[in-house]
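Breakdown of the fold
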Amino acid sequence: MAEYITHSRAETVELGRRLAAKVSGGQVIAFTGGLGAGKTAFCEGLAAGLGCTDPVSSPTFAIVNYYRGPRPLAHFDLYRISTEEDLNAAGFYDYLDQGAVVAAEWSENLADLLAAENPIRICIAPVAGEENTRRITIEGVSL
Ligand SMILES: Nc1ncnc2c1ncn2[C@@H]1O[C@H](COP(=O)(O)OP(=O)(O)O)[C@@H](O)[C@H]1O
Ligand SMILES: [Mg+2]
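Residues numbered from 1 in each chain as written. Chains lettered and ligands numbered in written order. Predicted model: local features only at pLDDT ≥ 70, side-chain atom pairs only at ≥ 80, totals over all residues. Heavy atoms only, no water.

In this section: the overall build of the chain. Helices and strands together make up the secondary structure of the chain, namely five helices and seven strands. In sequence order, the chain lays out its α and β elements as β-α-β-α-β-β-α-α-β-α-β-β. Here the chain has a C-alpha radius of gyration of 14 Å; the compact-globule value for 143 residues is 15 Å, and the two agree. Considered along the principal axes of its C-alpha atoms, the chain spans approximately 40 × 30 × 30 Å. Per element, the accessible surface of the chain, about 7000 Å² overall, is 48% carbon and sulfur. Separation of charge centres in the chain, based on 11 positive and 18 negative side chains, amounts to 8 Å. (Helix = DSSP H or I, 4+ residues; strand = E, 2+ residues; numbered from the N terminus. Rg over C-alpha atoms; globule rule 2.2 N^0.38 Å. Areas by Shrake-Rupley, 256 points an atom, 1.4 Å probe, with all protein chains shown as cover. Lys, Arg positive; Asp, Glu negative; His and termini not counted. Charge placed at Lys NZ, Arg CZ, Asp CG, Glu CD.)

Moving on to helix α2 (residues 39-50). Compared with an ideal rise of 1.5 Å per residue, which puts 12 residues at 16 Å, α2 spans 16 Å between its outermost C-alpha atoms and is within 8% of the ideal. Every buried residue of α2 is accounted for by Lys39, Ala41, Phe42, Cys43, Gly45, Leu46, Ala47 and Leu50. Just downstream of α2 lies Gly51, where phi reads positive at about 90 degrees. (Expected span 1.5 Å × (residues − 1). Buried < 20%, exposed > 50% of the residue type's maximum accessible area, 1.4 Å probe, protein only.)

A word on the coordination of the magnesium ion (ligand 2). The coordination sphere of the magnesium ion (ligand 2) contains the protein donors Thr40 (OG1) and Glu105 (OE), at a distance range of 2.2 Å. With a gap of 65 residues between them, Thr40 in helix α2 and Glu105 in strand β5 (residues 101-105) connect regions that are remote in the sequence. A relative accessible area of 3% places Glu105 in the buried class. (Donors = N, O, S within 2.8 Å, 3.2 Å for Na, K, Ca; no water.)

Attention now goes to the side chain of Lys39. Along the chain, Lys39 turns up in helix α2. There is a polar contact of 2.8 Å between the side chain of Lys39 and the backbone oxygen of Gly33. (Polar contact = N/O pair within 3.5 Å; in protein donor to acceptor, adjacent residues only side chain to side chain.)

Below is the structure:
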């Protein structure tokens, strides 16, 4: 496990970009961390690093955003997903089978199920008293 401290949104985006160099298709990246932690910011860098050109936005309402590119990224928000049936219906396993990289915000909602996919785990937490600082722990890969 490695820990990183970022001091701006841009630094978190950059960390996401660095991760892209280390992942291949079919990899699940499971994010934890509350609202406004910086999960979507991290995914923006991840998508850019994978060469995706579609704009990155929070998939809160759509459940999943798919970004096309040489290494496509399926970006899930599992906030309202709590069963394997819902996860399957959202296409989670289809994207994996297709060889997309699959990022999941709010993975804490389905921790046991996602554990079966051997995910890279990324936890993003605020730092008390420092509005633009985040503590980011990454397990399952070294950057
Ligand atoms: N170090 C940082 N890393 C990421 N985001 C930051 C940081 N500092 C401040 N922010 C702000 O926090 C918010 C993170 O939003 P977002 O990435 O959508 O979070 P989440 O997807 O976890 O809800 C943005 O408004 C961003 O500008
Ligand atoms: Mg988000």
